[in-house]
Number of protein chains: 2
Amino acid sequence: MTYCVGILVREGLVMIADTRTNAGLDNIATFRKLNVINRPGERVIAVATAGNLAISQSIVSQVTEGLENPETGEIETFENTPSMFKAAQLLGRAVREVYRLDGRMLEQKNLAFDCTMLLAGQIKGGRLRLFMIYSAGNFIEATADTPYLQIGEHKYGKPILDRAIKFDTDLQDALKIGLISMDSTMRSNLGVGMPIDLAVIPRDKIDAELVHRIEPGEPYFHDLRERWSAALRQAHQNIPRPPYGI
Amino acid sequence: MTYCVGILVREGLVMIADTRTNAGLDNIATFRKLNVINRPGERVIAVATAGNLAISQSIVSQVTEGLENPETGEIETFENTPSMFKAAQLLGRAVREVYRLDGRMLEQKNLAFDCTMLLAGQIKGGRLRLFMIYSAGNFIEATADTPYLQIGEHKYGKPILDRAIKFDTDLQDALKIGLISMDSTMRSNLGVGMPIDLAVIPRDKIDAELVHRIEPGEPYFHDLRERWSAALRQAHQNIPRPPYGI
């Protein structure tokens, strides 16, 4: 299982991903799912992946090696795509290329071609954007109305995002709320686990201000988890009891 | 979609169910999913259903009309089952009977035989018990370690249960926390909706102390939703910001 969330607010972007993979409950491992390309002043691109690990790793490798743009004939990678929209199209083409190579055999084995991705970043001259790419290679983009996108095990961590994230939420709070969303997910699904990778990209700085891995036992995150649990318990205690006379 | 939760604490049992059904987003209706049989001093049984409405209604009708117990040859209903375990077996047989009647045709139409149920109550001479019956007609029982069971859209409402429900939680708090869990689910899934049916059965009283429908706009539930949203926002504001220097 996997949980990744991207949050795009006025001040910038936060992307958070867990690192746990499992091929059955008896085969758990740690793999990086969040990759950041940072060329300060020129481009900063973050990609997070969920789904079948063989598929998502192949997609990332396809993009790294480069794929031909059918319109221009040029070999594109994230190092040279001229815009974030073109980067999303490139990632979608990589999804389709891996489907072309592996899809039929996976279907023969009754395995789903299961892969979704978050793509975010800013390229000089363009704006900071956040996309979710589906397993068909098509994609949607976050907007001010719904400024976050999730992939993987998204339900446990959604209530806090629904209530607390607005486009005007400041960047530090967006990171904090994203970490609470990750905590809620890890608490209820053992397939999502530490360490946690995160990236923070301020708008128009074209630089990843923070790329960090939270290891188990890191004091801030441990404290956040404890405080959030205590606050939830406290929150319901402050609500009056039902008036139904039981 | 549906969300139902049963919570079994030391003092008694709470069962809560929404009433929204949908055959596609364009076909929404209200159906009672929580049924209570109350014979004070003799037996009290509550059943909540999730899944395909045609299946779950047929199962309830089968039990109401009675099914032969293959061991005794007698016709059993919830009015005469001698124990809650026997009531769970009866409900499981009803599931299998409906599968025998409808399962093959549903499979031909590529429709899943999708039905899960909560069954709870107490019969004179026995103890208060809570079961979850699967679409195969088998079942599990809640215990003091995990004193709640959910059916339907269970993920959004699980984090609060995981953190706040213990076997020693008192009955009024269990009801309140169950309503918060329902609120979290309705907030994130439009397929779960008002009105909400609830039943409260104190242990060893063999009487449903409360069977109630919360209609839209009921002041207590409206207030609970407002307070819970405000408390969640407050809760994250009381957590320090990340120390990562952004």
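Residues numbered from 1 in each chain as written. Chains lettered and ligands numbered in written order. Predicted model: local features only at pLDDT ≥ 70, side-chain atom pairs only at ≥ 80, totals over all residues. Heavy atoms only, no water.

The name an unreviewed UniProt entry assigns to chain A is Peptidase, from the organism Methyloraptor flagellatus.

A look at the overall build of chain A
Secondary structure summary: chain A contains 5 helices and 14 strands in total. Against the compact-globule benchmark of 18 Å for 246 residues, chain A has a radius of gyration of 19 Å, which places it among compact chains. Once the C-alpha set of chain A is aligned to its principal axes, its extents read approximately 70 × 45 × 35 Å. Taking all 246 residues of chain A together, 54% fall into the buried category. For chain A, the proportion of contacts with a sequence separation of at least 24, taken over those separated by at least 6, is 61%. Of the roughly 10,700 Å² of accessible surface on chain A, 48% is carried by carbon and sulfur atoms. Of the charged side chains in chain A, 28 are positive and 30 negative; the average position of the first set lies 4 Å away from that of the second. (Helix = DSSP H or I, 4+ residues; strand = E, 2+ residues; numbered from the N terminus. Rg over C-alpha atoms; globule rule 2.2 N^0.38 Å. Buried < 20%, exposed > 50% of the residue type's maximum accessible area, 1.4 Å probe, protein only. Contact = heavy atoms within 4.5 Å. Areas by Shrake-Rupley, 256 points an atom, 1.4 Å probe, with all protein chains shown as cover. Lys, Arg positive; Asp, Glu negative; His and termini not counted. Charge placed at Lys NZ, Arg CZ, Asp CG, Glu CD.)

Considering the pairing of strand β9 (residues 115-123) of chain A
Residue and element names in this part refer to chain A. Taken across its 9 residues, β9 has 8 buried, putting it largely inside the fold. Strand direction decides the pairing type here: strand β6 (residues 43-51) and β9, joined by 9 bridges, are antiparallel. Paired with Thr49 across the bridge in β9 is Met117. With 5 bridges joining them, β9 and strand β10 (residues 129-133) adopt antiparallel strand pairing. By the bridge assignment, Leu118 is partnered in β10 with Met132. Remark: 5 residues form the turn of the hairpin made by β9 and β10, two consecutive strands paired antiparallel; Gly125 in that turn has positive phi of roughly 95°. (Pairing = 2+ DSSP bridges.)

A word on the packing of aromatic side chains
Enumeration over the complete set of coordinates arrives at 8 aromatic pairs over all chains. A centroid spacing of 5.5 Å and a plane angle of 85° characterise the contact between Phe131 of chain A and Phe139 of chain A, whose relative ring orientation is edge-to-face. For Phe131 of chain A, a relative accessible area of 1% gives the class buried. Overall, Phe139 of chain A belongs to the partly exposed group, its relative accessible area being 25%. Measuring from centroid to centroid gives 5.8 Å for Phe85 of chain B and Phe139 of chain B, while their planes differ by 70°, and the two rings are edge-to-face. Placement of the pair is Phe85 of chain B in helix α2 (residues 84-108) and Phe139 of chain B in strand β11 (residues 139-141), with a sequence separation of 54 residues. Taking relative accessible area as the criterion, Phe85 of chain B reaches 33% and is therefore assigned partly exposed. Here the aromatic residues Phe85, Phe131 and Phe139 of chain A are joined through ring pairs into a cluster of three or more. (Phe/Tyr/Trp six-rings, centres within 6.5 Å; stacked < 30°, edge-to-face > 60°.)

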